[in-house]
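Spelled out, the chains give:
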Amino acid sequence: RHETQTLLWHQSASGEKEGIMDSIFLSTFSPPPSSSYSLFLRGGSLVILVILFQWFVARAPTLQTETKRRFQHALTGHALVQISYVLPKTASLILLLVGAIGIYCTKTFFFEHFINAFGQLLRPNEASGDVMPGAFYFLLGTAITISGLVTDDITIARYAVECLAISDPIAS
């Protein structure tokens, strides 16, 4: 039994228990600690890519609305988990909160632009302006999950977000 645990888990340099796949991914793809400019560049690029993805999915001509919603939900949630491997926790939290605030401000103050950009992904009550879009709550929930309020283990937080990203569209 101990050999199996050794194969699945090891102690990281900081003394935390982490999965072998997490450590392989981190050692292979994580950049070394760098300047705030590099973090801004990586974070900004990832935000732009996620927004562009949303925009293109909303305009996919051959997909039904509910299929578009499921597809964007699963892939965006998966992208958020992958971003947590590339950016430090603090930068990830800031970007999630900026995204949620951006959705709120765009929906509240620039509703026509919001509908033009993402209207095809919205449910009727979201498109009417009655409620905030689900993406707002998804970003807030993801921020709460990785912030340490739910668990201090980032691996568990990643799995939680990944499960939500995949299981919610499958269940709907």
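Residues numbered from 1 in each chain as written. Predicted model: local features only at pLDDT ≥ 70, side-chain atom pairs only at ≥ 80, totals over all residues. Heavy atoms only, no water.

With that settled, the discussion passes to the overall build of the chain. In terms of helices and strands, the chain carries 9 helices and 2 strands. Ordered by position from the N terminus, the helices and strands of the chain form the series α-β-β-α-α-α-α-α-α-α-α. At a minimum sequence separation of 6, the contacts of the chain that also span at least 24 residues come to 61%. (Helix = DSSP H or I, 4+ residues; strand = E, 2+ residues; numbered from the N terminus. Contact = heavy atoms within 4.5 Å.)

A separate point is the confidence of the model for the chain. Low pLDDT marks regions whose predicted coordinates should not be analysed in detail. Per-residue confidence for the chain gives a mean pLDDT of 78; residues scoring 70 or more make up 80%. Every residue in residues 1-10 is under pLDDT 50, and counting partners more than four places away or in other chains gives 15 contacts. (pLDDT = per-residue confidence, 0-100.)

Let us look at the packing of helix H5 (residues 89-109) against helix H8 (residues 134-147). Packing of H5 against H8 brings their axes to within 9 Å, and their N-to-C directions diverge by 160°. Relative to H8, H5 is oriented roughly antiparallel. In the packing of H5 onto H8, the handedness of the crossing is left-handed. Where H5 approaches H8, its residues Lys89, Ser92, Leu93, Leu96, Leu97, Gly99, Ala100, Ile103 and Tyr104 are matched on the opposing element by Ala135, Phe136, Leu139, Leu140, Thr142, Ala143, Ile146 and Ser147. Partitioned by chemical class, the residues of the contact of H5 with H8 number 12 nonpolar, 4 polar and 1 charged. (Axes fitted to C-alpha atoms, helices over the stretch in contact; angles between N-to-C directions. Parallel < 35°, antiparallel > 145°, perpendicular 65-115°, else oblique. Left-handed = near helix turned anticlockwise from the far one by under 90°. Nonpolar A, V, L, I, M, F, W, Y, C, P; charged D, E, K, R; others polar.)

Now for the packing of aromatic side chains. Counted under the stated rule, the structure contains 3 aromatic pairs. Geometrically, the ring pair formed by Phe53 and Phe71 is tilted, given 6.0 Å between the ring centres and 50° between the ring planes. Taken together, the residues Phe53 in helix H3 (residues 36-58) and Phe71 in helix H4 (residues 65-86) connect sequence positions 18 residues apart. The class of Phe53 is partly exposed, set by a relative accessible area of 24%. The ring of Tyr85 has Arg158 lying over it, and the distance from NZ or CZ to the ring centre is 3.8 Å. (Phe/Tyr/Trp six-rings, centres within 6.5 Å; stacked < 30°, edge-to-face > 60°. Buried < 20%, exposed > 50% of the residue type's maximum accessible area, 1.4 Å probe, protein only. Lys NZ or Arg CZ within 6 Å of the ring centre and 35° of its normal.)

Moving on to the side chain of Lys107. Counting through the fold element by element, Lys107 comes out in helix H5. Put simply, Lys107 is tucked away with no salt bridge, and the nearest opposite charge, on Asp130, sits 7.6 Å away. Of the polar contacts made by the side chain of Lys107, one reaches the backbone oxygen of Gly129; its length is 3.2 Å. Excluding residues within four positions of it along the chain, Lys107 makes contact with Phe114, Gly129, Val131, Met132 and Pro133. (Lys, Arg positive; Asp, Glu negative; His and termini not counted. Salt bridge = Lys/Arg side-chain N within 4 Å of Asp/Glu carboxyl O. Polar contact = N/O pair within 3.5 Å; in protein donor to acceptor, adjacent residues only side chain to side chain.)

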